[in-house]
Amino acid sequence: HLAKNDLYEQVSNPRGSTLRSIQMHLQKIMGYSLPLFHGRGIFQYKIGLLPIRHPVHTYVGEPIQIPKVSSELITSKLIDEYHQKYMDALEQLFDKYKTKHGDMNSSIVFVDDPSV
């Protein structure tokens, strides 16, 4: 069972690789990292920029209530609080529907999770 991540293949860039080092250097300069990926072509399926053909299932959860706050009251702590609420809601949504797709034992992993 696939996710939106499976519509494209990312070029392998494990920690310590030259590609990862270049990406991290560019991230420091530009503020974001450029992923290298490929999908399928129009007339062949090995490589191209079109997404790989897979069904995509989309689920929408309950809205997260966020109050309107003036810009001078926005702090890193407040941003972290609502970011955590978002991640918690995303995890609940994932857990709610994962069995529907035969992935009962799967879990969601966040990229910045220090425990991983």
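Structure first, text after, so check above.
None of the values given here were measured: they were computed from a predicted structure.

### So, the overall build of the chain
If you tally the helices and strands in the chain, you get 2 helices and 2 strands. Its helices and strands in sequence order give the chain the pattern β-α-β-α, from N to C terminus. Against the 2.2 N^0.38 benchmark of 13 Å for 116 residues, the chain shows a C-alpha radius of gyration of 18 Å, more extended than a compact globule. Dimensions of the chain along its principal axes, counting C-alpha atoms only, are 50 × 40 × 30 Å. Going through the 116 residues of the chain one by one, you find that 11% of them count as buried. Partitioning the intrachain contacts of the chain with sequence separation of at least 6 by distance along the chain shows that 41% fall at a separation of at least 24. Summed over all atoms, the accessible surface of the chain reaches about 10000 Å², with 59% contributed by carbon and sulfur.

### A look at the packing of aromatic side chains
A full pass over the atoms with the stated rule returns 2 aromatic pairs. Geometrically, the ring pair formed by Tyr-59 and Tyr-97 is stacked, given 4.1 Å between the ring centres and 15° between the ring planes. Of the two residues, Tyr-59 sits in the loop between β2 (37-38) and α2 (76-97) while Tyr-97 sits in helix α2, which places them 38 residues apart along the sequence.

Reading guide: rules and limits
- Residues numbered from 1 in each chain as written.
- Predicted model: local features only at pLDDT ≥ 70, side-chain atom pairs only at ≥ 80, totals over all residues.
- Heavy atoms only, no water.
- Helix = DSSP H or I, 4+ residues; strand = E, 2+ residues; numbered from the N terminus.
- Rg over C-alpha atoms; globule rule 2.2 N^0.38 Å.
- Buried < 20%, exposed > 50% of the residue type's maximum accessible area, 1.4 Å probe, protein only.
- Contact = heavy atoms within 4.5 Å.
- Areas by Shrake-Rupley, 256 points an atom, 1.4 Å probe, with all protein chains shown as cover.
- Phe/Tyr/Trp six-rings, centres within 6.5 Å; stacked < 30°, edge-to-face > 60°.

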